[in-house]
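Architecture at a glance
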Amino acid sequence: MSEPKPPTPTPGDTYKGWLFKWTNYIKGYQRRWFVLSNGLLSYYRTQAEMGHTCRGTINLATANIAVEDSCNFVISNGGAQTYHLKASSEVERQRWITALELAKAKAVHMQAESDDSGDDCPAVPPTAGQGGSCRNSEVQSTLRTLSSKVEDLTTCNDLIVKHGSALQRSLSELEGIRVGGDMGEKIRQVTERATLFRITSNAMINACRDFLSLAQNHSKRWQKALQTERDQRIRLEETLEQLAKQHNHLERAFRGATVLPPSFSNPALGNKGGVSGKCDASDEDDDNEFFDAMEDPAEFITVPADPKYHRRSGSNVSGFSSETGIDDQSVNFDELSLASNPESPQPLELEPVRQRRTRIPDKPNYYLNLWSIMKNCIGKELSKIPMPVNFNEPLSMLQRLSEDLEYYELLDKAAKCQSSLEQMCYVAAFTVSSYSTTVHRTGKPFNPLLGETFELDRLRECGYRSLCEQVSHHPPAAAHHALSEKGWSLRQEITLASKFRGKYLSIMPLGSIQCIFDKSNNHYSWKKVTTTVHNIIVGKLWIDQSGEIDVVNHRTGDRCHLKFAPYSYFSRDVPRKVTGVVTDKDGKAHYVLSGTWDEKMEFSRVMQSSKGENGTEGKQRTVYQTLKAKEIWRKNPLPEGAENMYFFSSLALTLNEAEEGVAPTDSRRRPDQRLMEDGRWDEANAEKQRLEEKQRTARREREREAVKAVSSPEEAVTEDSINDSPLKTDAQETGTEASEVSDETDTEDSTPHTPVACTHPDNYQALWFEKIDDPASGETLHVYKGGYWEAKDQGSWDMCPDIF
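Residues numbered from 1 in each chain as written. Predicted model: local features only at pLDDT ≥ 70, side-chain atom pairs only at ≥ 80, totals over all residues. Heavy atoms only, no water.

Some remarks on the overall build of the protein chain
Along the backbone of the protein chain there are 18 helices and 29 strands. Looking at the 804 residues of the protein chain, the share that counts as buried comes to 45%. In the protein chain, once contacts between residues fewer than 6 apart in sequence are set aside, the share between residues at least 24 apart is 59%. By element, 52% of the accessible surface of the protein chain is carried by carbon and sulfur atoms, the whole surface being about 41600 Å². (Helix = DSSP H or I, 4+ residues; strand = E, 2+ residues; numbered from the N terminus. Buried < 20%, exposed > 50% of the residue type's maximum accessible area, 1.4 Å probe, protein only. Contact = heavy atoms within 4.5 Å. Areas by Shrake-Rupley, 256 points an atom, 1.4 Å probe, with all protein chains shown as cover.)

Quick notes on the packing of aromatic side chains
All told, the structure shown has 19 aromatic pairs when counted by the stated rule. Centre to centre, the rings of Phe 517 and Tyr 524 are 5.8 Å apart; their planes meet at 90°, and the pair counts as edge-to-face. Grouping residues by exposure puts Phe 517 and Tyr 524 together as buried. Plain terms: the ring middles of Trp 542 and Tyr 567 are 5.5 Å apart, the flat faces sit at 75° to each other, and that makes the pair edge-to-face. Taken together, the residues span a long stretch of sequence, with Trp 542 in strand S21 (residues 542–553) and Tyr 567 in the loop between strand S22 (559–564) and strand S23 (577–583) at a distance of 25 residues. (Phe/Tyr/Trp six-rings, centres within 6.5 Å; stacked < 30°, edge-to-face > 60°.)

Quick notes on the sheet that holds strand S5 (residues 64–67)
In space, the 7 strands of this open sheet follow the order S4-S3-S2-S1-S7-S6-S5, with antiparallel pairing throughout. Sheet topology places strand S4 (56–59) and S5 at the edges, where each strand pairs with a single neighbour. Direction aside, neighbouring strands of the sheet carry axes that sit 35° apart on average. In the sheet, strand S3 (residues 40–44) pairs with S4 via 4 bridges, with the strands oriented antiparallel. The partner of Leu 40 across the bridge, within S4, is Asn 59. (Pairing = 2+ DSSP bridges. Axes fitted to C-alpha atoms, helices over the stretch in contact; angles between N-to-C directions.)

A few points about the confidence of the model for the protein chain
Where the model shows low pLDDT, its predicted coordinates should not be examined in detail. Considering every residue of the protein chain, the mean pLDDT works out to 75; 72% of them sit at 70 or more. This model gives residues 1–12 a pLDDT under 50, and the stretch forms 32 contacts once residues within four places in sequence are excluded. In the model, residues 716–760 has pLDDT below 50 throughout and makes 78 contacts with residues more than four positions away in sequence or in other chains. (pLDDT = per-residue confidence, 0-100.)

Thoughts on a nonpolar patch on the surface
Together, Leu 236, Leu 240 and Leu 243 give the surface a local cluster of nonpolar side chains, amounting to about 300 Å² of exposed area. Structurally, Leu 236 can be placed in helix H3 (residues 182–255). (Patch = residues over 30% accessible without salt bridge, like charges linked within 9 Å, V, L, I, M, F, W, Y side chains within 5 Å. Salt bridge = Lys/Arg side-chain N within 4 Å of Asp/Glu carboxyl O.)

Considering the nonpolar core
One finds Trp 488 and Trp 526 to be the most contacted residues of the largest nonpolar core, which totals 66 residues. Tallying contributions element by element places helix H11 (residues 420–433) first for this core, with 9 residues. Apart from residues no more than four positions distant in its own chain, Trp 488 is found in contact with Leu 405, Tyr 408, Leu 411, Asp 412, Ala 415, Tyr 464, Ala 482, Leu 483, Ile 516, Phe 517 and Asp 518. Counting 20 residues, the second-largest nonpolar core is a separate cluster that includes Leu 19, Phe 34, Ile 65 and Leu 100. (Core = buried A, V, L, I, M, F, W, Y, C linked by side-chain atoms within 4.5 Å.)

Focus: the pattern of salt bridges
A complete count under the given rule lists 36 salt bridges for this structure. Two residues, Glu 461 and Arg 356, come together in a salt bridge whose shortest N-O distance is 3.0 Å. Taken together, the positions of Glu 461 in the loop between strand S13 (453–458) and strand S14 (464–473) and Arg 356 in the loop between helix H7 (325–340) and helix H8 (370–374) put the pair 105 residues apart, joining distant regions of the chain. Assessed through its relative accessible area of 19%, Arg 356 is described here as buried. Across the pair Asp 598 and Arg 576 runs a salt bridge whose closest N-O atoms are separated by 3.1 Å. Of the two residues, Asp 598 is situated in the loop between strand S24 (589–596) and strand S25 (600–614) and Arg 576 in the loop between S22 and S23; the sequence distance between them amounts to 22 residues.

Describing the side chain of Ser 42
Summarising the element assignment, Ser 42 is placed in strand S3. At 3.0 Å, the side chain of Ser 42 and the side chain of Thr 57 are in polar contact. Every residue in contact with Ser 42, bar those within four places of it in the chain, is listed here: Trp 33, Phe 34, Val 35, Cys 54, Gly 56 and Thr 57. (Polar contact = N/O pair within 3.5 Å; in protein donor to acceptor, adjacent residues only side chain to side chain.)

Regarding H11
Relative to the 20 Å expected for 14 residues at 1.5 Å per residue, H11 spans 20 Å between its end C-alpha atoms, a close match to the ideal helical length. Of all 14 residues that make up H11, 14 are buried, and the element is covered over most of its length. The residue sitting at the N-terminus of H11 and contributing the capping side-chain oxygen is Ser 419; that oxygen lies 3.3 Å from the backbone nitrogen of Leu 421. (Expected span 1.5 Å × (residues − 1).)

As for unusual backbone geometry
Outside of glycine, negative phi angles account for most residues, and trans bonds account for most peptide bonds. Not every positive phi belongs to a glycine, and Asn 521 is a case in point at roughly 60°. Turning to its location among the elements, Asn 521 is positioned in the loop between strand S18 (513–517) and strand S19 (523–526). The phi angle at Tyr 646 is positive, at roughly 60°, despite the residue not being glycine. Its location among the elements puts Tyr 646 in the loop between strand S27 (630–634) and helix H12 (650–655). Owing to a relative accessible area of 8%, Tyr 646 belongs among the buried residues under this scheme.

Quick notes on the environment of Phe 34
Along the chain, Phe 34 turns up in strand S2 (residues 28–37). Linking Phe 34 and Lys 16, residues 18 residues apart in sequence, is a C-alpha distance of 5.7 Å. Discounting residues that sit within four places of it in the chain, Phe 34 has contacts with Tyr 15, Lys 16, Gly 17, Leu 19, Lys 21, Leu 41, Ser 42, Tyr 43, Tyr 83, Leu 85 and Trp 96.

Some remarks on the side chain of Arg 458
Summarising the element assignment, Arg 458 is placed in strand S13. It turns out Arg 458 is buried and unbridged, and the closest side chain with the opposite charge, Glu 461, is 4.6 Å from it. Not counting residues within four places of it along the chain, the set of residues in contact with Arg 458 comprises Arg 356, Gly 463, Tyr 464, Arg 465, Leu 651 and Thr 654. (Lys, Arg positive; Asp, Glu negative; His and termini not counted.)

Things to note about the pairing of strand S20 (residues 530–534)
Side chains on a regular strand alternate between the two faces of the sheet. Across 4 bridges, the pairing between strand S17 (residues 504–510) and S20 is antiparallel. Within S20, the residue paired with Leu 505 across the bridge is Val 533. Direction of pairing for S20 relative to S21: antiparallel, over a ladder of 5 bridges. When the bridges of S21 are listed, Thr 532 appears paired with Asp 544.

Observations concerning the environment of Trp 542
A residue is classified by how much of its surface remains accessible, and Trp 542, at 29% relative accessible area, is partly exposed. In this structure the C-alpha to C-alpha distance between Trp 542 and Thr 532, which are 10 residues apart in sequence, comes to 8.4 Å. Excluding its chain neighbours within four sequence positions, the residues that come into contact with Trp 542 are Thr 442, Thr 532, Val 533, His 534, Asn 535 and Tyr 567.

Looking at the pairing of S23
Extensive coverage of S23 is indicated by the burial of 6 of its 7 residues. In the sheet, S22 pairs with S23 via 6 bridges, with the strands oriented antiparallel. In the sheet register, Phe 564 faces S23, and the bridge partner there is Val 578. Summarising the sheet, S23 and S24 pair through 7 bridges and their orientation is antiparallel.

Remarks on the packing of helix H10 (residues 409–416) against H11
Running from amino to carboxyl end, H10 crosses H11 at an angle of 170°, the nearest separation of the two axes being 8 Å. On the basis of their axis angle, the class for H10 and H11 is roughly antiparallel. Seen from H10, the contacting residues are Leu 410, Leu 411, Lys 413, Ala 414 and Ala 415; seen from H11, they are Gln 423, Tyr 426, Val 427, Ala 429, Phe 430 and Ser 433. Residue classes in the contact of H10 with H11 are distributed as 8 nonpolar, 2 polar and 1 charged. (Parallel < 35°, antiparallel > 145°, perpendicular 65-115°, else oblique. Nonpolar A, V, L, I, M, F, W, Y, C, P; charged D, E, K, R; others polar.)

What to know about the environment of Arg 634
With respect to the element layout, Arg 634 can be found in strand S27. Residue class for Arg 634 comes out partly exposed when judged on its relative accessible area of 29%. On a C-alpha basis, the gap between Arg 634 and Lys 600 in space is 4.1 Å, while along the polypeptide they are 34 residues apart. Among the polar contacts made by the side chain of Arg 634, one reaches the side chain of Glu 631 at a distance of 2.7 Å.

Below you can see the structure in the form of structure tokens.
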């Protein structure tokens, strides 16, 4: 690195040197040559590029300089440009920081002087007609006069320097001569030059006086004109804010309307700009941000939108939008007609959207001896470990599955995409967003009872509703189905395989998740990664996600490979890092995704890819040259006081809220879970044990019925006698201590089965789901067969089992 100058540069001085600049998640930090000059920080790949190619420049007058650690610092000008830089040493970093701060201070000072002298000139708004022309001519005339005075000052300054130098030489000669005949001539020369110097100085003083007089005369007028412009801008901003609030209120009132005119309820009219057009834009109801392409080098160009609009909604989802101009026009027409048409539904006729709760009782602080619970559990599956509610959170696993829909807006956006590759980016971001709720959630959800269900009806507020059912008990499996009015459906079947290893707990979700879009018939599928809970015995619990996900579009062959990097103390990467590449069926990369699973994800279009150097494992790395990354998803902030409410999100707080009309098997009606939420944990543990025993009894009864159905009467009697014999009881008693209290599971599975249990398994059939072979993915899974929402509308739940 070149030796920098002392860190006291003036705005005209330059400060040069090598720094490491963060480029992207693929390349990391790259060595670049930086030049600080006249308040501008520019960088180049090499010193040889300084004469012809500048890679980027940032103006320090509007930039913020922040120090991260001993060698790293960040320069940002408010979001448009951000440089993450690293020096070779702490001393070198301090030299750069000092030079940058000095350059920034002088650049701000110069900009303020420029604003005072020149930027206020356009503040005098030209009015229409002759008055505007006269005012503009007056400003131009004043500027010309000031420029002339400045030139006079410059000329006088040059003359002063010239005559001052001549006077100095004459004085020096006068001191060196001897007394003689030359004395009179020299004295005359000194007198003449002194006179010229005095005349020039007087002229300069007069020019300065004229300049100051002009500046003072016009300064007050310019200040007044500038203040007028500022007042007008403030009034305009206030007006826009009021309009935005009214727009938001009208949209919410429209979505909450129960009685709509025929033009809104007719599907045929909806396709031409009625309700369908409104629903398509309902997720754009807050602040719309339009992204324009930046005139920067290739690696900093904004990702260009399709020939449509490129916007980000107020629901923390940004990216491409495939809405057409016709849709926007129809939406605006609907809003205007709703606000101005006297026959439109008025607020008195609207039923407001239900207000969901925002708090639950705070978590009690109960002491529990962990060793008394865990001493005989190492090496066993989680479903075989007896867990009191002290380790739980007041939600069931079915409700945790429904939390995957917290960022449903990503799928709404994906449904509007014209390109399957863009759509893949949103689907991939949705897969990552489902893990954001787990970062602080160390509590274990309740294992659902067999036949337990949970419905999440957000059709009015969000345009979707979902249903979960526990379809199997050993192994525990839950099926989930969600359907949206925005043209997508989601289905998944999850089976958990868990192992407790003493210091940590690994949870391996088995089964697939599928998302289908009606308009394009794109069929996506993927699987979940492994969740690890660390510090089970000693220390503070923390959760990590690790593994790889392949999101596959079975119709087009597109694929997104996501990698969840496990936490490592020795890694310099950001914690909880996620990277991904979207490729087409031929393996060509089109998009790169990067971010963290607990905060945000960004995506950028790939412009060029090349083979780089070999990695640490000897594999050749691929280097992607991308456009500037854009945020596609960001985590919603937790509600106030979340640390006392199990770190629940705003959606999670509403999941266990009591609701009328749900099925009798719904998780909201589960008594032990309700008691735990209310803080009555002792009663919850007793109720939990009762439900487990009731479930075991029902299972044994189903097994006996299965034996009788497939065996002869004599064999059935023999098998029943074996099933109830003391031999089986002894096997249970000698199996494990864990069989005394189970976690909603059949503890007989932890002991040797009788031949009957192995020959005749549980023949339970799910109530709302049926098992099929999916032709697209080639997997066997439970899918929703219908009937639940019809039963809810009729209030007929006779087919539901009594599980509580």
